[in-house]
Amino acid sequence: MFKTVKITHSLSRKVMSIFLVAITAVMFSSAAMSVQSLRGDSALDNKANKIVKHKVNTVEGGIKRNFKLQPPLIPHTTDKYQISLKNNGCMKCHSEKAYKKEKAPKVGDSHYIDRDGKTLEHVSSRRYFCTQCHATQIKDNPLVENTYEGI
Ligand code: HEC
Ligand code: HEC
């Protein structure tokens, strides 16, 4: 008696798993068929789909600061530089080691000081995510008139 129960149990499990596999297969194939890109059917090399490359006007010599202790604006593009836990793309040029060779301004000395006032050998974690304070600014006509004057 015990044996038959066991057999029917494992049999029903087999039937169930076949059933599940079949359902998943049907779901996946219908999902694949219904996916459509926003571009529609037109091919990638279609002229209308070409990405327009804008020329970005960087600001040579940097951008004047508006108030004391303002984090200076970034006068160059930054889209190619990544800041992650393992790698800080900005420090390839702005670090103590590299700045001379790259003719870039060195990060402020304040960037090496930790919260206890100790000067570190590497940039402090408080200053690690550069774009938290420094924003990119390009040379372009302002979209709206602005009468703001710096100090
Ligand atoms: C390939 C080298 C290079 C990399 C990488 C780089 N920079 Fe620069 N950066 C420069 C140079 C060169 C200047 C000076 C430009 C000038 O004055 O014409 C500069 C200027 C600046 C300034 C202006 C400083 C001032 O006193 O006006 C800031 C802020 C800055 N960079 C931040 C960043 C940040 C943040 C990143 C990463 C997202 C970064 N940079 C990545 C080369 C680099
Ligand atoms: C918490 C805000 C903050 C973060 C994060 C930060 N900065 Fe700064 N940065 C400042 C301020 C404020 C100044 C101006 C005063 C000073 O030097 O401390 C400055 C100044 C600078 C200068 C000009 C230094 C000089 O002597 O003229 C450079 C270059 C710079 N930062 C690059 C960086 C880079 C690269 C990173 C990322 C590794 C970074 N900063 C992260 C706030 C920040």
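Cut-off values and rules
- Residues numbered from 1 in each chain as written.
- Chains lettered and ligands numbered in written order.
- Predicted model: local features only at pLDDT ≥ 70, side-chain atom pairs only at ≥ 80, totals over all residues.
- Heavy atoms only, no water.
- Helix = DSSP H or I, 4+ residues; strand = E, 2+ residues; numbered from the N terminus.
- Buried < 20%, exposed > 50% of the residue type's maximum accessible area, 1.4 Å probe, protein only.
- Contact = heavy atoms within 4.5 Å.
- Areas by Shrake-Rupley, 256 points an atom, 1.4 Å probe, with all protein chains shown as cover.
- Near = heavy atom within 4 Å.
- Polar contact = N/O pair within 3.5 Å; in protein donor to acceptor, adjacent residues only side chain to side chain.
- Nonpolar A, V, L, I, M, F, W, Y, C, P; charged D, E, K, R; others polar.
- Donors = N, O, S within 2.8 Å, 3.2 Å for Na, K, Ca; no water.
- Tetrahedral: all angles 85-135°; square planar, octahedral: opposite > 155°, others 65-115°.
- Core = buried A, V, L, I, M, F, W, Y, C linked by side-chain atoms within 4.5 Å.
- Salt bridge = Lys/Arg side-chain N within 4 Å of Asp/Glu carboxyl O.

(A) Expanded view of the overall build of the protein chain. Scanning the protein chain from terminus to terminus reveals three helices and zero strands. Ordered by position in the sequence, the α and β elements of the protein chain form the string α-α-α. Buried positions account for 13% of the 151 residues belonging to the protein chain. For the protein chain, the proportion of contacts with a sequence separation of at least 24, taken over those separated by at least 6, is 41%. As presented, the protein chain carries roughly 14,100 Å² of accessible surface, and 60% of it is formed by carbon and sulfur atoms.

(B) Region of the structure containing the site of ligand 1. Taken together, 22 residues lie near ligand 1, and Gly-61, His-76, Cys-90, Cys-93 and His-94 sit nearest. The contact in question runs from an oxygen atom of ligand 1 to an N or O atom on the backbone of Gly-62, over 3.4 Å. Within the side chain of His-76, a nitrogen or oxygen atom sits 2.8 Å from a nitrogen atom of ligand 1. Taken together, the residues that form the shell around ligand 1 break down as 11 nonpolar, seven polar and four charged.

(C) Structural context of the coordination of the iron atom of ligand 1. Of the protein atoms, only His-76 (NE2) and His-94 (NE2) coordinate the iron atom of ligand 1, at distances of 2.0 Å. Metal-centred angles of 87 to 179 degrees between the six donor atoms at the iron atom of ligand 1 mark the site as octahedral. Note that His-76 is positioned in the loop between α1 (2-34) and α2 (91-94) and His-94 in helix α2, a separation of 18 residues in sequence. With a relative accessible area of 29%, His-76 lands in the partly exposed category.

(D) How the structure looks around the nonpolar core. Counting five residues, the largest nonpolar core is built from Met-91, Val-107, Tyr-112, Val-123 and Tyr-128. In this structure Tyr-112 touches Met-91, Ser-95, Glu-96, Val-107, Lys-118, Thr-119, Leu-120, Glu-121, His-122, Val-123 and Ser-124, once residues within four positions along its chain are discounted.

(E) Representation of the pattern of salt bridges in the model. All told, the structure shown has three salt bridges when counted by the stated rule. For Glu-102, the salt bridge identified is with Lys-101, shortest N-O distance 3.9 Å. With relative accessibility at 36%, the residue Glu-102 sits in the partly exposed group. Exposure remark for Lys-101: the relative accessible area of 71% places this residue in the exposed category. For the salt bridge of Asp-109 with Lys-106, the shortest nitrogen-to-oxygen distance reads 2.9 Å.

The values are spatial; any link to function lies outside them.
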